[in-house]
Amino acid sequence: MEQPLQGLVDVSNDAYHSGPGISKSHLDWIAPEMGRTPLHYWNRYINPDREPDKQTPAKVLGTAIHTAILEPDLLSDRVVPGLDIDRRSNANRQAWADFEKANAGKIILPGDAYQTVLAIRDAVHRHPVAGPLLQGIKTEQSFYATDKETGELIKCRFDALADSGEYALDLKSTENAGPAAFGRSAANYRYHLQPPWYFDILRDLYGETPKYWMFLAVEKEPPHAIGIYYAQDEDIEFGRKIARRDLRRIVECKQQDYWPDYAAQAMPLQLPAWYTHQAENAEMA
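Here we summarise the structure given alongside this text. Throughout, residues of each chain are indexed from 1 in the direction in which the sequence is written. Given that the model is predicted, a residue must reach a pLDDT of at least 70 before its local features are reported, and side-chain atom pairs must reach 80 or more before they are shown or counted; all residues, however, enter totals for whole chains, interfaces and linings. The side-chain numbers reported here are obtained from all heavy atoms of the structure, hydrogens and water having been left aside.

## Structural notes on the pairing of strand E5 (residues 153-162)
Among the ten residues in E5, nine count as buried, and that is most of the element. Two strands are counted as paired when DSSP detects at least two bridges linking them. The secondary structure listing takes helices from DSSP runs of H or I that are at least 4 residues long and strands from runs of E that are at least 2 residues long, numbered from the N terminus. Note: strand E4 (residues 137-146) against E5, nine bridges, orientation antiparallel. Looking at E5, one finds that Phe-143 is bridged to Cys-156. Adjacent in sequence and paired antiparallel, E4 and E5 are bridged by six residues, among which Gly-151 carries a positive phi angle near 80°. Bridging between E5 and strand E6 (residues 167-174) involves two bridges; their strand directions are antiparallel. By the bridge assignment, Leu-161 is partnered in E6 with Ala-168. With antiparallel pairing between neighbouring strands as the criterion, E5 and E6 make up a hairpin whose turn holds four residues, including Gly-165 at a positive phi of roughly 80°. For every residue, the accessible area (1.4 Å probe, protein chains only) is compared with the maximum for its type, and the residue is labelled buried under 20%, exposed over 50%, or partly exposed between those bounds.

## Re the nonpolar core
Only buried residues count toward a nonpolar core. Its members are Ala, Val, Leu, Ile, Met, Phe, Trp, Tyr and Cys residues joined through side-chain atoms within 4.5 Å. Counting residues in each nonpolar core, the largest one holds 36 residues, and the members touching the most others are Ile-22, Leu-27, Cys-156, Phe-158, Trp-197 and Trp-213. At the level of elements, E4, E5, helix H9 (179-189), helix H10 (194-206), strand E7 (212-219) and helix H11 (233-256) are the ones that each hand at least two residues to this core. Sorting elements by how many residues they give to this core places H11 first, with seven residues. Ignoring sequence-local partners within four residues, the contact set of Phe-158 consists of Thr-139, Glu-140, Gln-141, Phe-143, Ala-168, Tyr-198, Phe-199, Leu-202 and Trp-213. By definition, residues are in contact when any of their heavy atoms lie within 4.5 Å.

## Digging into the pattern of salt bridges
Whenever Lys or Arg places a side-chain nitrogen within 4 Å of a carboxyl oxygen from Asp or Glu, that contact is recorded as a salt bridge. Tallied over the full model, the rule gives 24 salt bridges. Measuring nitrogen to oxygen at the nearest pair gives 2.8 Å for the salt bridge that ties Asp-28 to Arg-190. Here Arg-190 lies in the loop between H9 and H10 and Asp-28 lies in helix H2 (residues 24-28), a separation of 162 residues in the sequence. Its relative accessible area of 9% is what places Asp-28 among the buried residues. Residues joined by salt bridges that share partners form a network here, namely Lys-24, Asp-28, Glu-33, Arg-190, Arg-245 and Asp-246.

## Brief notes about a nonpolar patch on the surface
Note that patches include only residues with greater than 30% relative accessible area and no salt bridge, and the join distances are 9 Å for like charges and 5 Å for nonpolar side chains (Val, Leu, Ile, Met, Phe, Trp, Tyr). In these tables, accessible area is a Shrake-Rupley quantity obtained with a 1.4 Å probe, and a residue counts as shielded only by the protein chains included in the view. Residues Leu-269, Leu-271, Trp-274 and Tyr-275 make up a contiguous nonpolar surface patch of about 520 Å² in total accessible area. With respect to the helices and strands, the residue Trp-274 is situated in helix H12 (residues 273-284). Residue Trp-274 is classed as exposed on the basis of its relative accessible area, which comes to 58%.

Printed below as a string of structure tokens:
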């Protein structure tokens, strides 16, 4: 009998994301503040006819940036610049076919995008604060646990854990790494759910967690400015409440095999505040 996943498991990134277990990303697909319903979750993770996840240029670039910063020794094995020729002539098309065959399984980036990845890598590693945080770390580690309340298999995959046990580090490539802008990104993408979700899994498995959760934000455009932010206790606790709410909703829908959308009941129409304010001002004019 195959043993259930538990603890630290050596698994590839693709296998982690496509395999069993509920991750923080799963929670986002049932969260009302993300504009999603249980039906969205079902379609994303359960629908037997669901389409494969689309690898957009932004996602591919993000993966390459993660590799370059967190696993620089593996960059050449995983990411290569494409040929600096078009595909118009038969000879060029053949050259591309040969190149893609020789680099099967690797990310092939346009030359300018590849240079951007290298520039971002260098900016982070030479940074006086960010650079040292990337020393003495273990990267891309996956942990699995059985949730005590629901009995569900839950999982997380750390970008980096310090060998000292002092901190976990999560890398975010972004348009604006400044405090206010990154705070908005954290709210929009619910980054504050990551620390409690990940740390609670470690605590259940080992009885302890790192002391700090650090976000390393780096801008994708020159000069590739960097922001470093730690998760505060009140934000972690708030994120934990939201994460538990979403997990319970997933489990409830699974048990009932019922995945409602917005129309579970009729609701009043919600006109946007900007419109009513605009209309009232026009009426008074």
